[in-house]
Amino acid sequence: VPYFHLVFTLPHELHDAVRSNQKLLYGLLMRCAAGSLQKLADDPRYVGGTIGALCVLHTWTRAMAYHPHVHCLVPAGGLDSEGLWHEARRNFLVPVRALSIVFRARFLCGLKKDFPDLPLVQKLWAKPWVVYCKPVLQKPEKVVGYLSRYIHRVAITNNRIQSIAGDSVTFRYKDSRDALE
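Not measured: the values here are computed from a predicted model.

Q: Just to check I follow, could you spell out helix H2 (residues 22-41) for this structure?
A: Residue pairs spaced three or four apart in an α-helix point in one direction, given the helix's 3.6 residues per turn. With 20 residues, H2 ought to run about 28 Å at 1.5 Å a step, and its terminal C-alpha atoms sit 28 Å apart, in line with that. Along H2, the positions that sit buried rather than exposed are Leu25, Tyr26, Leu28, Leu29, Cys32, Ala33, Gly35, Ser36, Leu37, Gln38, Leu40 and Ala41. Buried residues in H2 make contact with strand E1 (3-9), helix H1 (15-20), strand E2 (54-60), strand E3 (66-75) and helix H3 (96-114).

In structure tokens:
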């Protein structure tokens, strides 16, 4: 079946809190991404059934900046309560703006429950959160290969290290902004 690639990203204002509470908040991030996606997929206007998803947590960018986000590979359809397959529309899984709002609400409610005194939660309700969703144009094996490179790898591989001197490490990285130019 065709697939969609989704990315759920936390705003930078939460990075310190997430980094300081990784075990709890990485789990919350994964549950909120999957739960938000399933909530909208259940709607018969979109998929109308239970979807599957392969989800991978990433915590850094190519430039080695801390950036917790979840990549999901999702089949373009789901099973209804009777076990019948419902295919999603060709280039549309669920509305991304609504998915972003549901994801934000779930994460912030979970955060407020676990950290009621965290001051920045209130201002994050007004900020739009980034959720990306695009159909996979290549074979799913390509996307699985891309995601799998992050599962059994440390943040930086030896072949990217150019030099180590005292307490400094020089390494190569790819700036994703270059791809936009």
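After presenting the structure, the write-up continues.
Q: Teacher, can you tell me more about a nonpolar patch on the surface here?
A: The grouping of Val1, Leu79 and Trp85 at the surface amounts to a nonpolar patch, some 300 Å² of accessible area in total. Relative to the assigned elements, Trp85 resides in strand E5 (residues 85-87).

Q: Honestly, the pattern of salt bridges in this entry has me stumped. Any pointers?
A: Any two side chains of opposite charge can pair, given that their charged atoms come close. In the structure shown here, the tally under the stated rule is 2 salt bridges. The partner of Lys127 in a salt bridge is Glu13, with the nearest N and O atoms 2.9 Å apart. Note that Lys127 is positioned in the loop between helix H4 (121-124) and strand E6 (131-135) and Glu13 in the loop between E1 and H1, a separation of 114 residues in sequence. In this structure, the salt-bridge partner of Arg45 is Asp43, at a minimum N-O distance of 2.7 Å. The class of Arg45 is exposed, set by a relative accessible area of 57%.

Q: What is the right way to read the sheet that holds E1 from this model?
A: In any sheet, the strands associate via hydrogen bonds between backbone groups, in a parallel or an antiparallel arrangement. The strand order across the open sheet built from 4 strands is E2-E3-E1-E6, with neighbouring strands paired in antiparallel fashion. Strand pairing shows two members of the sheet lacking a second neighbour, E2 and E6, which therefore form its edges. The sheet shows a mean angle of 15 degrees between the axes of neighbouring strands, direction not considered. Where E1 lies against E6, 5 bridges are found, and the strand directions are antiparallel.

Q: What is the right way to look at H3 in this model?
A: Taking 1.5 Å of rise per residue, 19 residues should cover 27 Å, and H3 covers 27 Å from first to last C-alpha, within 8% of that figure. All of the buried residues along H3 are Leu99, Ser100, Val102, Phe103, Arg104, Phe107, Leu108, Gly110 and Leu111. The secondary structure elements touched by the buried residues of H3 are E1, H2, H4 and E6.

Q: Quick question: what am I supposed to make of the side chain of Gln38 here?
A: If you trace the backbone, Gln38 turns up in helix H2. Setting aside anything within four residues of it in sequence, one finds Gln38 in contact with Gly49, Thr50 and Ile51.

What counts, and at which threshold
- Residues numbered from 1 in each chain as written.
- Predicted model: local features only at pLDDT ≥ 70, side-chain atom pairs only at ≥ 80, totals over all residues.
- Heavy atoms only, no water.
- Helix = DSSP H or I, 4+ residues; strand = E, 2+ residues; numbered from the N terminus.
- Expected span 1.5 Å × (residues − 1).
- Buried < 20%, exposed > 50% of the residue type's maximum accessible area, 1.4 Å probe, protein only.
- Contact = heavy atoms within 4.5 Å.
- Patch = residues over 30% accessible without salt bridge, like charges linked within 9 Å, V, L, I, M, F, W, Y side chains within 5 Å.
- Areas by Shrake-Rupley, 256 points an atom, 1.4 Å probe, with all protein chains shown as cover.
- Salt bridge = Lys/Arg side-chain N within 4 Å of Asp/Glu carboxyl O.
- Pairing = 2+ DSSP bridges.
- Axes fitted to C-alpha atoms, helices over the stretch in contact; angles between N-to-C directions.

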